Amino acid sequence: MWYHRLSHLQSRLQDLLKGGVIYPALSQPNFKSLLPLAVHWHHTVSKSLTCAWQQHEDHFELKYANTVMRFDYVWLRDHCRSASCYNSKTHQRSLDTASVDLCIKPKNIRLDETTLFFTWPDGHVTKYDLNWLLKNSYEGQKQKVIQPRILWNAEIYQQAQVPSVDCQSFLETNEGLKKFLQNFLLYGIAFVENVPPTQEHTEKLAERISLIRETIYGRMWYFTSDFSRGDTAYTKLALDRHTDTTYFQEPCGIQVFHCLKHEGTGGRTLLVDGFYAAEQVLQKAPEEFELLSKVPLKHEYIEDVGECHNHMIGVGPVLNIYPWNKELYLIRYNNYDRAVINTVPYDVVHRWYTAHRTLTIELRRPENEFWVKLKPGRVLFIDNWRVLHGRECFTGYRQLCGCYLTRDDVLNTARLLGLQA
């Protein structure tokens with residue numbers, strides 16, 4: 001470890017830049033803004049990775065593995081993983097965050113190989129592995145996605161030849177279950193084959209990966225075109241692409257479809273990757289993508305049929321993104337159930353209509369439409385936060401059953417099997 005005087009720091013950094021040791025983000029540094037309160041830079045080489053850190057008046061700055069990270073001192077104290085601050089068995093914080101001095105600063109900082117040690121005014125020592133800080137820093141998270149995906153149109157999905165999973169393998173082996181979940185996480189849809197065409201077997205299948213989410217439609221739903229509910233789905237009419245339960249504050253995460261019987265024609269299911277379409281909007285009209293991710297809308301479901309009396313309202317933008325890395329995680333698109341637009345000022349609403357039209361054009365491109373004929377024995381799982389579904393009109397008698405699954409439980413099952421979700 002070397003300690004350099006501030007007067008020599010600029011020339012040292014320039015030498016490091018020439019040698020490719022500091023990172024691209026600092027290829028044209030503004031030294032006045034970079035070092036407003038600094039006294040010393042501290043350098044070391046660890047496992048072939050250059051590490052440099054500096055103690056500022058109000059934060060700690062770390063350069064490691066091509067990333068410049070900044071940490072508030074309260075954050076560093078709050079995330080201490082010592083036995084008195086964190087229960088490693090329950091993975092829960094023991095430290096009372098409200099007890100931490102908001103003006104806290106470390107008395108001493110030192111680096112030993114790949115571990116940073118912070119000594120606080122009361123003598124408590126917090127230690128962090130450099131890779132842990134890299135993984136959990138804001139700057140590190142900006143470079144990562146929560147859930148890896150393969151965006152697709154009809155051609156991409158068909159060329160991928162994504163295999164279905166056999167019912168027995170799905171139910172009885174972790175290998176079959178993991179294969180299914182990997183397909184589902186990557187593409188937002190997945191199929192299970194050779195399922196006995198009954199509601200009971202469909203329910204058993206769903207319970208393999210999640211708790212079934214009970215809604216106003218019940219736990220397992222079973223329907224024909226008898227208009228027994230106040231919804232277009234309970235007819236023989238065609239349904240345009242949409243996501244379900246947009247009128248819930250938290251739309252249902254996964255939808256399960258199983259066609260038990262169809263004596264007639266038509267009725268193919270339409271599937272469209274909403275994230276693929278949104279990515280096209282982002283590339284072609286980023287300002288419209290941003291508008292769709294910020295403007296809140298109401299979706300509404302009013303039902304007064306027989307014994308079913310419901311009035312549901314859900315609020316949220318069409319596109320929902322994580323603010324730190326702009327990763328899209330939920331699309332709320334349903335032109336049937338969109339309520340009166342009264343949450344948008346007049347000088348924004350026309351621009352919103354333009355952006356919505358741009359997205360709709362992408363969603364309706366024929367090359368983005370994947371059509372599949374549901375049949376007895378083949379169960380379809382749909383990520384309702386990502387993939388839009390629809391239906392062509394049909395004739396004859398058609399029975400479907402299915403359910404909604406809790407998203408948290410499906411992702412939990414995937415993580416327990418070692419998948420990133």
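Owing to the predicted nature of the structure, the values given are computational and were not obtained by experimental measurement. (Residues numbered from 1 in each chain as written. Predicted model: local features only at pLDDT ≥ 70, side-chain atom pairs only at ≥ 80, totals over all residues. Heavy atoms only, no water.)

(A) Local environment of the pairing of strand 4 (residues 59–64). Of all six residues that make up strand 4, six are buried, and the element is covered over most of its length. Going residue by residue along strand 4, you find H59, E61 and K63 tucked away on one face and F60, L62 and Y64 tucked away on the opposite face as well. Of the pairings in the sheet, the one linking strand 4 to strand 5 (residues 67–72) comprises six bridges and is antiparallel in character. Considered in strand 5, the bridge of Y64 is made with T67. (Buried < 20%, exposed > 50% of the residue type's maximum accessible area, 1.4 Å probe, protein only. Helix = DSSP H or I, 4+ residues; strand = E, 2+ residues; numbered from the N terminus. Pairing = 2+ DSSP bridges.)

(B) Just the pattern of salt bridges, in detail. Taken as a whole and judged by the stated rule, the model has 16 salt bridges. Salt-bridge contacts for R241 lead to E369; the nearest nitrogen and oxygen are separated by 2.7 Å. Of this pair, R241 sits in strand 15 (residues 239–242) while E369 sits in the loop between helix 12 (346–363) and strand 22 (370–372), and the two are 128 residues apart along the sequence. Like R241, the residue E369 is buried in the burial classification. Members of the salt-bridge network, linked through shared partners, are D240, R241, R364 and E369. (Salt bridge = Lys/Arg side-chain N within 4 Å of Asp/Glu carboxyl O.)

(C) Representation of the pairing of strand 25 (residues 397–405). Of all nine residues that make up strand 25, eight are buried, and the element is covered over most of its length. The pairing of strand 13 (residues 212–213) with strand 25 spans two bridges and is classified as antiparallel. Across the sheet, residue R213 finds its bridge partner in strand 25, namely Y404. As defined by bridge partners, strand 16 (residues 254–263) adjoins strand 25 across nine bridges and the pair is classed as antiparallel.

(D) Expanded view of the environment of V348. Among the structural elements, V348 can be located in helix 12. It is 9.0 Å that separates the C-alpha atoms of V348 and L291, two residues lying 57 residues apart in sequence. Each residue touching V348, except ones within four places of it in the same chain, is listed here: L291 and V295. (Contact = heavy atoms within 4.5 Å.)

(E) Broad picture of the packing of aromatic side chains. With the rule as written, the count across this model stands at 25 aromatic pairs. Pairwise contacts between aromatic rings join W53, F60, F71, W75, F118, W120, Y128 and W132 into one cluster. Above the ring of F394, the side-chain terminus of R398 is found at 5.1 Å from the ring centroid. (Phe/Tyr/Trp six-rings, centres within 6.5 Å; stacked < 30°, edge-to-face > 60°. Lys NZ or Arg CZ within 6 Å of the ring centre and 35° of its normal.)

(F) Structural view of the sheet that holds strand 22. With antiparallel pairing, four strands are arranged side by side in an open sheet as 15-24-17-22. Taken across any chain shown, the strands that pair with only one partner, and hence form the sheet edges, are strand 15 and strand 22. In this sheet, adjacent strand axes meet at a mean angle of 20° when their direction is disregarded. Where strand 15 lies against strand 24 (residues 387–391), two bridges are found, and the strand directions are antiparallel. Within strand 24, the position partnered with L239 by the bridge is R391. (Axes fitted to C-alpha atoms, helices over the stretch in contact; angles between N-to-C directions.)

(G) Geometry of the sheet that holds strand 10 (residues 125–129). The strand order 8-9-10 describes an open sheet built from three strands, whose pairing is antiparallel. The sheet is open, and its two edges are formed by strand 8 (108–112) and strand 10, each paired on a single side. Strand after strand, the sheet turns through a mean of 20° between neighbouring axes, direction not considered. Summarising the sheet, strand 9 (residues 115–119) and strand 10 pair through five bridges and their orientation is antiparallel. Bridging across to strand 10, F118 finds its partner in T126.

(H) Focus on the packing of helix 10 (residues 274–284) against helix 12. With their axes 9 Å apart at the nearest point, helix 10 and helix 12 run at an angle of 130° to one another. Relative to helix 12, the element helix 10 lies oblique. The way helix 10 lies across helix 12 gives a crossing that is right-handed. Residues G274, A277, A278, Q280, V281 and K284 of helix 10 lie in contact with helix 12, whose contacting residues are T358, L359, E362 and L363. (Parallel < 35°, antiparallel > 145°, perpendicular 65-115°, else oblique. Left-handed = near helix turned anticlockwise from the far one by under 90°.)

(I) Examining helix 13 (residues 407–416) more closely. Taken residue by residue, helix 13 has R407, V410, L411, T413 and A414 as its buried positions. Looking down the long axis of helix 13, one finds its buried residues gathered within 155° of arc, a one-sided arrangement. The exposed set on the far side of helix 13, more than 90 degrees from its buried face, consists of D408 and L416. G418, located one to two residues past helix 13, shows a positive phi value of around 90°. (Arc of directions from axis to C-beta.)

(J) Representation of the state of the cysteines in the model. Tallied over the full model, the rule gives zero disulfides. Here C80 is not cross-linked by a disulfide; its sulfur's nearest cysteine counterpart is in C85, at 3.9 Å. A residue is classified by how much of its surface remains accessible, and C80, at 1% relative accessible area, is buried. (Disulfide = S-S within 2.5 Å.)

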